[in-house]
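Examining the three-dimensional arrangement
Here is what each chain is made of, one letter per residue.
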Amino acid sequence: MSSIKEIQDEIVAEFEILGDDKESTIFYIMELGNSLESFPEGEKKEDNIIKGCQSKVWLIADEVDGKVHYQADSNTDITKGLISLLIRVLNDRSPEEILDAELNFIEKIGMGSIIGSQRSNGLASMIKQMKLYAFAFQTKQNA
């Protein structure tokens, strides 16, 4: 399995190919959302909605063999693409790896200027929620 840094470098390289073409970049982000594993319909409930997102984003996490496995969905394609990038970087990692991860790819690809400030706030909320799940699993493992 590639390291968190290696996956972030891959993402940066993919976005560099698109250059400054904002329209292509947004389309690419929306396409990435199609790579998410299907989200259990029964989990699309209020408890699983990430607070602080403009769109509805559902996120659940399970601990499998000491690693955190995320599943997510959204009611908008662009947000689905954004959460899919985060899952690509953080999925199936130990809680420690997730909590220690510095997600520098977001800044390196200039995500803020691509998606605007409201979605950037939502992206920060997604990261926060993913790290909160990791913290909860870490606490449980150390109990």
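Residues numbered from 1 in each chain as written. Predicted model: local features only at pLDDT ≥ 70, side-chain atom pairs only at ≥ 80, totals over all residues. Heavy atoms only, no water.

1. Some remarks on the UniProt feature "domain: Fe-S metabolism associated" (unreviewed entry) in the chain
Per the UniProt entry, the sites bearing "domain: Fe-S metabolism associated" (unreviewed entry) are residues 20-131 in this numbering. Each end of residues 20-131 is marked by a C-alpha atom, and these two atoms are 31 Å apart; helix forms 50% of the span and strand 14%. (UniProt positions renumbered as here; feature names shortened; annotations may be inferred. Helix = DSSP H or I, 4+ residues; strand = E, 2+ residues; numbered from the N terminus.)

2. Observations concerning the packing of helix H2 (residues 22-32) against helix H3 (residues 77-90)
At their nearest, the axes of H2 and H3 sit 6 Å apart, and the two run at 70 degrees to each other. Put simply, H2 runs roughly perpendicular to H3. Contact residues: Ile-26, Ile-29, Met-30 and Leu-32 in H2; Asp-77, Ile-78, Gly-81, Leu-82, Ser-84 and Leu-85 in H3. In terms of residue class, the contact of H2 with H3 is made up of 7 nonpolar, 2 polar and 1 charged. (Axes fitted to C-alpha atoms, helices over the stretch in contact; angles between N-to-C directions. Parallel < 35°, antiparallel > 145°, perpendicular 65-115°, else oblique. Contact = heavy atoms within 4.5 Å. Nonpolar A, V, L, I, M, F, W, Y, C, P; charged D, E, K, R; others polar.)

3. Things to note about helix H6 (residues 111-142)
Spanning 32 residues, H6 covers only 35 Å between terminal C-alpha atoms, well under the ideal 46 Å at 1.5 Å per step. In the structure, H6 departs most strongly from a straight axis at Ser-117, where the bend amounts to approximately 105 degrees. (Expected span 1.5 Å × (residues − 1). Bend = angle between axes of the 7 residues up to and from the residue.)

4. Focus: unusual backbone geometry
Residue Asp-65 is not a glycine yet carries a positive backbone phi of 50 degrees. Along the chain, Asp-65 falls in the loop between strand E1 (57-64) and strand E2 (67-74). In the Ramachandran plot, Asp-92 falls in the positive-phi region, its phi being about 60 degrees despite a non-glycine side chain. Mapped onto the elements, Asp-92 comes out in the loop between H3 and helix H4 (95-100).

5. Describing the pattern of salt bridges
Taken as a whole, this structure holds 9 salt bridges when the rule is applied. Here Asp-9 and Lys-5 are joined by a salt bridge, their closest N and O atoms 2.7 Å apart. Note that Asp-9 and Lys-5 are positioned in helix H1 (residues 4-18) at a spacing of 4 residues, about one turn of the helix. Here Glu-10 and Arg-88 are joined by a salt bridge, their closest N and O atoms 3.4 Å apart. Here Arg-88 lies in helix H3 and Glu-10 lies in helix H1, a separation of 78 residues in the sequence. On the accessibility criterion, Glu-10 (37% relative accessible area) is partly exposed. Classification of Arg-88 by relative accessible area gives partly exposed; the value is 28%. Overlapping salt bridges bring together Glu-41, Lys-44, Asp-73 and Lys-80 as one network. (Salt bridge = Lys/Arg side-chain N within 4 Å of Asp/Glu carboxyl O. Buried < 20%, exposed > 50% of the residue type's maximum accessible area, 1.4 Å probe, protein only.)

6. Quick word on the nonpolar core
Tyr-70, Ile-83, Leu-86, Phe-105 and Met-111 are the most contacted members of the largest nonpolar core, which has 40 residues in total. At the level of elements, H1, H2, E1, E2, H3, helix H5 (105-108) and H6 are the ones that each hand at least two residues to this core. Counting residues per element, this core draws most heavily on H6, at 10 residues. When neighbours within four sequence positions are excluded, Leu-86 is seen to be in contact with Asn-91, Leu-103, Phe-105, Ile-106, Leu-123, Met-126, Ile-127 and Met-130. (Core = buried A, V, L, I, M, F, W, Y, C linked by side-chain atoms within 4.5 Å.)

7. As for the packing of H3 against H6
At their nearest, the axes of H3 and H6 sit 10 Å apart, and the two run at 50 degrees to each other. Put simply, H3 runs oblique to H6. Relative to H6, H3 is oriented so that their crossing is right-handed. On the side of H3, the interface is formed by Ile-78, Thr-79, Leu-82, Ile-83, Leu-85, Leu-86, Ile-87 and Leu-90, while H6 contributes Met-111, Ile-115, Arg-119, Leu-123, Met-126, Ile-127 and Met-130. Classifying every residue of the contact of H3 with H6 gives 13 nonpolar, 1 polar and 1 charged. (Left-handed = near helix turned anticlockwise from the far one by under 90°.)

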